[in-house]
Amino acid sequence: MKITNDIRYVGVNDHQVDLFEGQYVVPNGMAYNSYVILDEKVAVMDTVDRNFTHQWLDNIQAVLAGRKPDYLVIQHMEPDHSANIANFLKVYPDATVVSSAKAFTMMKQFFGDDYADRRIVVGEGSTLTLGKHTLAFVTAPMVHWPEVIVTYDVTDKVLFSADGFGKFGALDVEEDWACEARRYYIGIVGKYGPQVQALLKKAATLDISIICPLHGPILTENLGYYINLYDIWSSYRVESEGIVVAYTSVYGHTKAAVELLVEKLKAKGCPKVVVHDLARTDMAEAVEDAFRYGKLVLATTTYNADIFPFMKEFIHHLTERNYQNRTIALMENGSWAPLAAKVMRGMFEGSKNLTFTDTTVRLLSALSDTSKEQIEALSDELCKDYLAQHDDTANKNDLSALFNIGYGLYVVTSNDGTKDNGLIVNTVSQVTNTPNRVAVTINKANYSYHVIKQTGIMNVNCLDVSAPFSVFQTYGFQSGRTADKFAGIEELRSDNGLRFLPRYINSFMSLKVESFVDLDTHGMFICSVTEARVMSDKETMTYTYYQNNVKPKPETEGKKGFVCKVCGWVYEGDTLPDDIVCPLCKHGAADFEPIQ
């Protein structure tokens, strides 16, 4: 396979494997990818699984057409990628091995030789020139082993991403990328989200045209799609709206309760309900779905004063992969001493940012009128935001939405006649209650000010504490005049025709401008409330909460200069220019402070 004029694919497809890493079902096999860069010097990128030694060496020989390789670059020491290092060096004894210091230690462990006489040790910032091609090396510790490096070909703008952006499945089988890449990522790399985030930050500084992973297809188009998914997965954000119901049932009574709940969830507007019988499902699929969707229902029986083994295994899979930022509901069954809910909740004690529903369903052997009422209440609680999102089930006059106004953070949405827009503000207040009047103050420099001044309508979305930093990047760090701030976001509209956010809000209000106060640099819109919906009971995000828990801590260690107080961008220098504008959030010099 020709990737660029100088880069060739020499990997192999494995249709013999049934369980990858001894546990993941791979019905469509696996690809072990390897590449050759042809230049004045020739570099081979990684090896393949031991079962394909001769096929891989044949592929290399065919590509080289009589030439000899100069370098073997090893990015990752898992045996599916490194098993043929010794075999390669027997065939090409003049080649030099290029890898990280930790990788050479592992080579000693695997092969009894660390190749001290024929190696180049590389680390962060190291480069290797092949001729017109220059390889730049980036360390990627714990993505997902400690020795990992990734390699950037500066000339062809190709990122050799090691296990990053990989997926299950051989290359000669057509299948959806996201499904098998998600299962691969969550199962194998999911524990190491912070490390993946660190690598994504490094990758953001590179001009990447092609991604060459060690598993799965070479990515050449729409790279933003793949990178965005990796950003969602590694920051433990919700990818899709929906509810996962995972259960075990011995005699069918817990299953009956689950079926009743699922019926009610669907009837109350849940966009997707995914059900897993943990005794029969592919456990990796269930784990993948738990990370994909925002809400999880766990239903099981008390078993030996504990919980049923398949449920215990499932929860262990979640917690060891840092399951977080989700809502969990519990259903338990027991004939004489129900303990399942208590045990399940206890297993999540070390997990971060989990919200448990107020309602817990308790079955005493089988469904009863009491447990049916609890299922009804739980379905109402889980579907509160879905009911509020849809016109036919929403309470559009729920003025308790006004109680969520405080010194919080909001997304104000508007429309200029051709495009939807959104803006982060922290100046919303209720000024009267008879009649209800809300004041919204907006900087005149913002495009939203211009749009609202012309149209006289807006929606105020009250952000809750689940909102990630990406929300502020989307609506606060770019101009709606040039950017589509709603690209890729589910379209939901209120009666005034404006967008409201599908998640991360506890309520929204549709406002009509009744009067205006000119405040020089800002304008204050005094508005009546034409519609108000409450989406959830989550707390409104305050500015203090944002500063302490959401905004990334600026990376100032060892740096001298100034830091933006809004987004954390660092300007290095002795003097801050008076006319500086932060390239991320567009704030000026007044919002910078010296690095302490």
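Shown above is the structure to which this text applies.
Rules behind the numbers
- Residues numbered from 1 in each chain as written.
- Predicted model: local features only at pLDDT ≥ 70, side-chain atom pairs only at ≥ 80, totals over all residues.
- Heavy atoms only, no water.
- Helix = DSSP H or I, 4+ residues; strand = E, 2+ residues; numbered from the N terminus.
- Rg over C-alpha atoms; globule rule 2.2 N^0.38 Å.
- Buried < 20%, exposed > 50% of the residue type's maximum accessible area, 1.4 Å probe, protein only.
- Contact = heavy atoms within 4.5 Å.
- Arc of directions from axis to C-beta.
- Phe/Tyr/Trp six-rings, centres within 6.5 Å; stacked < 30°, edge-to-face > 60°.
- Lys NZ or Arg CZ within 6 Å of the ring centre and 35° of its normal.
- Pairing = 2+ DSSP bridges.
- Axes fitted to C-alpha atoms, helices over the stretch in contact; angles between N-to-C directions.
- Salt bridge = Lys/Arg side-chain N within 4 Å of Asp/Glu carboxyl O.
- Parallel < 35°, antiparallel > 145°, perpendicular 65-115°, else oblique.
- Left-handed = near helix turned anticlockwise from the far one by under 90°.
- Nonpolar A, V, L, I, M, F, W, Y, C, P; charged D, E, K, R; others polar.

Teacher, can you tell me more about the overall build of the protein here?
When helices and strands are counted, the protein shows 16 helices and 32 strands. In terms of C-alpha radius of gyration, the protein reaches 28 Å, essentially the compact-globule figure of 25 Å for 596 residues. Along the first, second and third principal axes, the C-alpha atoms of the protein reach 85 × 75 × 45 Å. Looking at the protein residue by residue over its 596 residues, the buried ones come to 53%. A fraction of 68% describes how many contacts in the protein between residues 6 or more apart in sequence connect residues 24 or more apart.

Teacher, can you tell me more about unusual backbone geometry here?
With glycine set apart, most residues show a phi of negative sign, and most peptide bonds adopt trans. In this chain, Val143 is followed by His144 through a cis amide linkage whose omega measures 5 degrees. Counting through the fold element by element, His144 comes out in the loop between β12 (134-139) and β13 (149-153). Of the consecutive residues Thr434 and Pro435, the connecting peptide bond is found in the cis state with omega at -5 degrees. One can find Pro435 in the loop between β25 (428-433) and β26 (436-443). Phi angles above zero are rare outside glycine, and Lys157 is one such case at about 60 degrees. Lys157 sits in the partly exposed class, given a relative accessible area of 33%. A positive phi angle, close to 65 degrees, is found at Asn322, a residue other than glycine. With respect to the secondary-structure elements, Asn322 resides in the loop between α10 (309-320) and β20 (326-333).

Help me understand helix α6 (residues 193-203), please; the structure alone is not making it clear to me.
Side chains of residues three or four places apart in an α-helix project in the same direction, reflecting 3.6 residues per turn. Residues of α6 that are buried: Gly193, Val196, Leu199, Leu200 and Ala203. End-on view of α6: buried residues confined to an arc of 120 degrees, all on one side of the axis. Those residues of α6 that are buried are in contact with β12, β13, α5 (177-189) and α7 (223-234).

Help me understand the packing of aromatic side chains in this model?
Within a pair of aromatic rings, the relevant descriptors are the distance that separates the centres and the angle that separates the planes. In the structure shown here, the tally under the stated rule is 33 aromatic pairs. Ring geometry for Phe110 against Phe111: centres 6.1 Å apart, planes inclined by 40 degrees, an arrangement best described as tilted. Residue Phe110 is classed as partly exposed on the basis of its relative accessible area of 40%. By relative accessible area, which is 26% here, Phe111 ends up partly exposed. Geometrically, the ring pair formed by Tyr543 and Tyr546 is tilted, given 6.3 Å between the ring centres and 35 degrees between the ring planes. Placement of the pair is Tyr543 and Tyr546 together in helix α16 (residues 543-550), with a separation of three residues, close to one helical turn. Relative accessible area serves as the criterion here: at 4%, Tyr546 is assigned to the buried category. Taking the ring centre of Phe104 as reference, the NZ or CZ of Arg119 above it sits at 4.9 Å. In this structure, Lys453 packs its charged tip against the face of Phe516, placed 4.4 Å from the ring centre.

What's the story with the pairing of β26 in this structure? I'm lost.
A regular strand carries its side chains on alternate faces of the sheet. The buried fraction of β26 is high, at six of eight residues. With five bridges joining them, β25 and β26 adopt antiparallel strand pairing. Along β26, the bridge assignment pairs Ser429 with Ala439. Between the end of β25 and the start of β26, which pair antiparallel, lie two residues. Across seven bridges, β26 lies against strand β29 (residues 522-534) in antiparallel orientation. Directly across from Thr441, in β29, lies its bridge partner Met524.

Just checking my understanding: could you explain the sheet that holds strand β28 (residues 505-519) for this structure?
Through backbone hydrogen bonds, the strands of a sheet pair up, either in parallel or in antiparallel fashion. Pairing is antiparallel in the open sheet, where seven strands are placed in the order β24-β23-β27-β28-β29-β26-β25. At either margin of the open sheet sits one strand with a lone partner, and together these are β24 (420-425) and β25. Neighbour-to-neighbour, the strand axes of this sheet turn through a mean angle of 35 degrees, independent of strand direction. This element, helix α14 (residues 447-455), spans β23 (410-415), β24, β26, β27 (457-463), β28 and β29 of the sheet and lies at about 55 degrees to β23. Across the face of the sheet, helix α15 (residues 469-476) comes into contact with β23, β24 and β27 while running at roughly 120 degrees to β24.

Can you walk me through the pairing of β12 in this structure?
Bridging between strand β11 (residues 127-129) and β12 involves three bridges; their strand directions are antiparallel. By the bridge assignment, Thr127 is partnered in β12 with Ala136. Counted between consecutive antiparallel strands, the loop separating β11 from β12 contains four residues, among which Gly131 sits at a positive phi close to 145 degrees. Here five bridges tie β12 to β13, and the two strands are oriented antiparallel to one another. Across the sheet, Leu135 pairs through a bridge with Asp153, a residue of β13.

Can you walk me through the pattern of salt bridges in this structure?
Any two side chains of opposite charge can pair, given that their charged atoms come close. Tallied over the full model, the rule gives 30 salt bridges. The partner of Glu288 in a salt bridge is Arg182, and the shortest N-O contact between them spans 2.8 Å. In this pair, Glu288 is assigned in helix α9 (residues 283-292) and Arg182 in helix α5, connecting sequence segments 106 residues apart. Each member of the pair, Glu288 as well as Arg182, is classed as buried. Overlapping salt bridges bring together Asp391, Lys396, Asp495, Glu531 and Arg533 as one network.

What is the right way to look at the sheet that holds β11 in this model?
Spatially, five strands are ordered β11-β12-β13-β14-β15 in an open sheet, and the strand pairing comes out mixed. Looking at the sheet topology across the chains shown, the edges are occupied by β11 and β15 (210-212). Across the sheet, the mean angle from the axis of one strand to that of its neighbour is 20 degrees, orientation sign disregarded. Looking at chain direction, strand β14 (residues 158-160) and β15 are connected through three bridges and run parallel. Within the sheet, the bridge partner assigned to Val158 lies in β15 and is Ile210.

Help me understand the side chain of Ser99, please; the structure alone is not making it clear to me.
Here Ser99 shows up in strand β9 (residues 96-99). Residue classification places Ser99 among the buried residues on the basis of a relative accessible area of 0%. In this structure, Ser99 is in contact with Ile74, Phe104, Met107, Ile120, Val121, Val122 and Ile149, ignoring residues within four places of it in sequence.

Help me out: how do you make sense of the packing of helix α8 (residues 253-267) against helix α12 (residues 369-382) in this one?
Each pair of packed helices gets described by two things: the angle between the helix axes and the distance between those axes. Axis separation between α8 and α12 bottoms out at 9 Å; the angle between their running directions is 40 degrees. Considering the angle they form, α8 stands oblique to α12. Taken as a pair, α8 and α12 cross one another with a handedness that is right-handed. On the side of α8, the interface is formed by Ala257, Leu260, Leu261, Lys264 and Leu265, while α12 contributes Lys372, Ile375, Glu376, Leu378, Ser379 and Leu382. For the contact of α8 with α12, the class distribution of residues is seven nonpolar, one polar and three charged.

In short, the description is geometric, and any link to function would need to be established separately.
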